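Structural description and commentary
As a plain string of letters, each chain reads:
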Amino acid sequence: MTAERIYVGSYTTQAGGGDGIAVGPLDGLAVAATIADPSFLVRSADGRFLYATNEEQDGKVAAFAIGADGGLELLNQQPTNGAHPCHLDIDPSGRYLLSANYTSGSVAIHPIAADGSLGEATQYLQREGSGPNADRQEGPHAHQIAFDIEGAYVFDVDLGSDTVYSSTLTADGRLEEVDRLHIHPGAGPRHLVFHPAGAAAYVINELDSTLTVCSYANGKLQTVQTTSTRPADSPGENYPAELLISSDGRFLYGSNRGDNTVAVFAVAGDGLSVELVQTISSGGNWPRHLAFSNDGTVLYAANEQSDQIATFTIGNGRLTAQGEPVSWPRPVCVLPI
């Protein structure tokens, strides 16, 4: 069992849900802030502030000051002007918090003040479009905001329209579009990560259990490979969620909700092709989020529907289950401190 402190975000409005954001070592978690549906968490680069989505119909983002013991003091909340914000990121300058509203398919940008609090939004950007999956792609569904390795371009991933938008962030906090990557129809792109060398990126697709490998340069992505996140002939429905890449760029880790596994991919030296080399039980049901420990030797899996957080040791890229999963209500985000 890893002894490092972590924050855990949970759903609070689901049956059996938690109370808010927890903090502590994995075997000693305690509620640090009571707040509605903090489904994704990020921390400022200086470690002084924490930001959370409040994934409600009337979406909000929340700012907290972090105490010496990891405790949280709510600074303020701001509306995202959209429904169910599910992901956020801080721009590399530390001046803006960007969030993705899933249900309404929009992006919000809020300035970050010197005291860590959030100002009124500088932009609400409504995406458009749909996809062939009538149940899930009737309109746009923004699922992630992420910056490239250099911090020069920002990407919002839209599950509803099978599109990854590339933009620059202006000094006054507005997105200016550079390019669009159209993933194959019905894929449902959810999250992307960049290779640490910067010339490749990877998109995990929720609706057809695929991983898209892309070349990358100057804000533009191009598809070079598409592969499954599951072994051939896997039965039943499956919905991938999180995607991580090792610090050396040699391995990718994706969560499979339905199969309830973590898929491990070996990455070629140039970053432009991958091979599925392992699938291992996620230690519970519906692994929504994955995270590395700070030293990169442990992987956390937050199993939402079984109220469990499992840990795995990492050896030569492969995963080995570490002890018994820890119980925590509706865990959906793990953030090592």
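Before any of the text, the structure's been laid out above.
Heads up: these notes are all about the structure in this document.

Calculation criteria
- Residues numbered from 1 in each chain as written.
- Predicted model: local features only at pLDDT ≥ 70, side-chain atom pairs only at ≥ 80, totals over all residues.
- Heavy atoms only, no water.
- Helix = DSSP H or I, 4+ residues; strand = E, 2+ residues; numbered from the N terminus.
- Polar contact = N/O pair within 3.5 Å; in protein donor to acceptor, adjacent residues only side chain to side chain.
- Contact = heavy atoms within 4.5 Å.
- Pairing = 2+ DSSP bridges.
- Axes fitted to C-alpha atoms, helices over the stretch in contact; angles between N-to-C directions.
- Buried < 20%, exposed > 50% of the residue type's maximum accessible area, 1.4 Å probe, protein only.
- Salt bridge = Lys/Arg side-chain N within 4 Å of Asp/Glu carboxyl O.

With that settled, consider the environment of Y202. Along the polypeptide, Y202 turns up in strand β17 (residues 200-205). Sequence-wise, Y202 and A152 are 50 residues apart; in three dimensions their C-alpha atoms are separated by 18 Å. Among the polar contacts made by the side chain of Y202, one reaches the main-chain carbonyl oxygen of G271 at a distance of 2.6 Å.

Right, let's talk about the environment of V264 for a bit. Note that V264 resides in strand β22 (residues 261-267). Remark: the alpha-carbon pair of V264 and V164, spanning 100 residues in sequence, is separated by 23 Å. Setting aside its immediate chain neighbours within four residues, V264 contacts F251, L252, Y253, E275, L276, V277, Q278, G317 and L319.

Moving on, we come to the environment of P287. Relative to the helices and strands, P287 is located in strand β24 (residues 287-292). For the pair formed by P287 and D307, sequence separation is 20 residues and the distance between their alpha carbons is 10 Å. Setting aside residues no more than four positions away along its own chain, P287 makes contact with A241, S255, N256, R257, N260, T261, S282, A302 and N303.

Read from one edge of the open sheet, 4 strands run β3-β2-β1-β29, paired in antiparallel fashion. Each edge of the open sheet is held by one strand with a lone partner, namely β3 (30-34) and β29 (331-336). With direction set aside, neighbouring strand axes in the sheet form an average angle of 25°. Where strand β1 (residues 5-10) meets strand β2 (residues 20-25), 5 bridges bridge the pair, whose relative direction is antiparallel. Its bridge partner lying in β2, I6 is registered against G24.

A large share of strand β16 (residues 189-194) lies buried, amounting to 6 of its 6 residues. Bridge count for β16 against β17 is 5 bridges, and the pairing is antiparallel. Opposite P189, over in β17, you have N205 as the bridge partner. With antiparallel pairing between neighbouring strands as the criterion, β16 and β17 make up a hairpin whose turn holds 5 residues, including G198 at a positive phi of roughly 95°.

Pairing between the strands of a sheet is mediated by backbone hydrogen bonds and can be parallel or antiparallel. In space, the 4 strands of this open sheet follow the order β20-β21-β22-β23, with antiparallel pairing throughout. At either end of the open sheet lies a strand with only one pairing partner, and these are β20 (239-245) and β23 (274-281). Neighbour to neighbour, the strand axes of the sheet diverge by 25° on average, direction disregarded. As paired elements, β20 and strand β21 (residues 251-257) share 5 bridges and run antiparallel to each other. Across the sheet, Y239 pairs through a bridge with R257, a residue of β21.

Looking now at the pattern of salt bridges. In the structure shown here, the tally under the stated rule is 11 salt bridges. The salt bridge involving R127 is made with E177; its shortest N-O contact spans 3.9 Å. Pair noted here: R127 is in the loop between β11 (123-126) and β12 (142-147) and E177 is in strand β15 (residues 175-182), with a separation of 50 residues, a long-range link. Judged by its relative accessible area of 6%, R127 is buried. Note that D259 is salt-bridged to R230, the shortest N-O span being 2.8 Å. Taken together, the residues span a long stretch of sequence, with D259 in the loop between β21 and β22 and R230 in the loop between β19 (220-228) and β20 at a distance of 29 residues. Classification of D259 as partly exposed rests on a relative accessible area of 23%. Residue R230 is classed as buried on the basis of its relative accessible area, which comes to 13%. When salt bridges that share partners are traced, they join R127, D156, E177 and R180 into one network.

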